[in-house]
Amino acid sequence: MNILVTGASGFLGRNLSNKLTSFKPNKIILLDSKIADLTLSDSLHQFNDTKFDKIYHLACWTQAGDFSIKHAGEEWLINQQINTNTIKWWYEHQKQAKFISMGTSCAYPENGSYKEETYFEDKPISSLFTYAMSKRMLQNGVESISKQFGLNYITFVPSTLYGPGYSINNKIPHFIFDLIKKFIRYKKYDEEIILWGDGNQIRELIYVDDFINNMIAIENLNITNEIFNIGAGIGHTIKHFAKIICQEMNINFSEIKFDTNAFVGSKSKVLNTEKISKLVNVEQIPLEKGIKNTINDLYTKVK
């Protein structure tokens, strides 16, 4: 089997690439922007001579927090270029390949059911609108090409991924990494722990290895032209995550301060996982153990 992975240098990309490499495929091409700048229309032509069985499209241009508000125009243009060029190359040169792409939970309407059939319904949350719509456009493009030309795809929508291997510095990290970073800096430098919002926002985590194992389990069923949510199926408040970190790092919860004027995104975001749970049953790591592993991995990385 020949496999190509875009966005292979990202958090999910590195972990997925390690897993795929362990299966010893005939060829696996791991791409980042230095190897192939996907904003350029001919960047993938260097791989035309290889016929890939699977294309994992993970590449995107975004960050967490209020990044989508501050960089809305750039985010739209760059992601449209990346997605259009990759889909076009798939159609023109890799028709035999299965196109496996990542959606986003941000595409679902806030306070909706978060079921796969509602991925295109109503408006996404306004603070993440550009990123959400670029992912909807990716899905629309994949479905359109598949419908007209008979190509095969599958899309996975993850809840927030966490676990070891995350690059924490020089960017706005996702909420769980941001929480852990603040607690580590408190231990290292006695900085105040100030969390965004009142702590009652509800979030869902999926350990990166669990996400990959669920994805591969579905892949092994040879399902095509479907979209699947992959998450823990349960959400917790930011305060709940903070208390777990406090317990693991021996910090008194009373040390935490909450900035109720800060950007918090959606108040609640938990994927509906009924669809995938009917097909596979992959055991997930306990939340406390997953957070412990993430803390241990980040401790020396946080500056």
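Higher on the page you've got the structure.
Residues numbered from 1 in each chain as written. Predicted model: local features only at pLDDT ≥ 70, side-chain atom pairs only at ≥ 80, totals over all residues. Heavy atoms only, no water.

This brings us to the state of the cysteines. Scanning the entire structure with this criterion turns up 0 disulfides. The thiol of Cys60 is unpaired, and the distance to the nearest cysteine sulfur, on Cys106, comes to 10 Å. We classify Cys60 as partly exposed; its relative accessible area is 33%. (Disulfide = S-S within 2.5 Å. Buried < 20%, exposed > 50% of the residue type's maximum accessible area, 1.4 Å probe, protein only.)

Moving on, we get to the pattern of salt bridges. Applying the stated criterion to the full structure yields 8 salt bridges. Close ionic contact of Lys301 with Asp297 constitutes a salt bridge, the shortest N to O distance being 2.9 Å. Take Asp297: its relative accessible area is 21%, and that puts it in the partly exposed class. Beyond isolated ion pairs, a larger network of salt bridges with shared partners links Lys54, Lys98 and Glu219. (Salt bridge = Lys/Arg side-chain N within 4 Å of Asp/Glu carboxyl O.)

So, about the environment of His174. Inspection of the secondary structure assignment puts His174 in the loop between strand S6 (160-162) and helix H5 (175-189). For the pair His174 and Ile291, spaced 117 residues apart in sequence, the C-alpha to C-alpha distance is 14 Å. Filtering out sequence-adjacent residues up to four positions away, His174 remains in contact with Ala64, Thr160 and Tyr166. (Helix = DSSP H or I, 4+ residues; strand = E, 2+ residues; numbered from the N terminus. Contact = heavy atoms within 4.5 Å.)

Before going further, it helps to spend a moment on the side chain of Asn2. Positionally, Asn2 belongs in strand S1 (residues 2-6). Judged by its relative accessible area of 18%, Asn2 falls in the buried class. Reaching out from Asn2, the side chain makes a polar contact with the backbone oxygen of Lys51 at a distance of 3.1 Å. With residues near it in sequence (within four places) discarded, Asn2 still touches Asn26, Lys27, Thr50, Lys51, Phe52, Asp53 and Lys54. (Polar contact = N/O pair within 3.5 Å; in protein donor to acceptor, adjacent residues only side chain to side chain.)

Here we come to the pairing of strand S10 (residues 226-230). With respect to burial, S10 is a largely interior element, 4 of its 5 residues being buried. Of the pairings in the sheet, the one linking strand S5 (residues 153-158) to S10 comprises 5 bridges and is parallel in character. Considered in S10, the bridge of Ile154 is made with Glu226. (Pairing = 2+ DSSP bridges.)

Glancing now at helix H4 (residues 129-149). Helical geometry: 3.6 residues make up each α-helical turn, so side chains three or four residues apart lie on a common side. Here H4 contains 21 residues, and its C-alpha end-to-end distance of 30 Å stays within 8% of the 30 Å for a straight helix at 1.5 Å per residue. The set of residues buried in H4 consists of Thr130, Tyr131, Ala132, Ser134, Lys135, Arg136, Leu138, Gln139, Gly141, Val142, Ile145 and Ser146. Where H4 terminates, the next one or two residues include Gly150, which has phi positive at roughly 75 degrees. (Expected span 1.5 Å × (residues − 1).)

Turning our attention to the side chain of Ser68. For Ser68, the location among the structural elements is in helix H2 (residues 67-70). Reaching out from Ser68, the side chain makes a polar contact with the side chain of Glu75 at a distance of 2.9 Å. For Ser68, the residues in contact, after removing those within four places along its chain, are Thr62, Glu75, Ser127, Leu128 and Tyr131.

As a further point, take the packing of aromatic side chains. Summed over all chains, the structure comprises 13 aromatic pairs. Their ring planes at 80 degrees and their centres at 5.3 Å tell us that Tyr162 and Tyr207 sit as a pair that is edge-to-face. Of this pair, Tyr162 sits in strand S6 while Tyr207 sits in strand S9 (residues 205-207), and the two are 45 residues apart along the sequence. According to the relative accessible area criterion, Tyr207 is buried, its value standing at 8%. Judged by centre distance (5.4 Å) and plane angle (55 degrees), the rings of Phe175 and Phe241 are tilted. Taken as a pair, Phe175 in helix H5 and Phe241 in helix H7 (residues 238-249) lie far apart in primary sequence, 66 residues in all. Every member of this aromatic cluster is reached through a ring pair, and the members are Tyr108, Tyr114, Tyr119 and Phe120. A cation sits over an aromatic face here: Lys95 above Tyr91, 4.3 Å from the ring centre. (Phe/Tyr/Trp six-rings, centres within 6.5 Å; stacked < 30°, edge-to-face > 60°. Lys NZ or Arg CZ within 6 Å of the ring centre and 35° of its normal.)

Worth remembering: the numbers are spatial, not functional.
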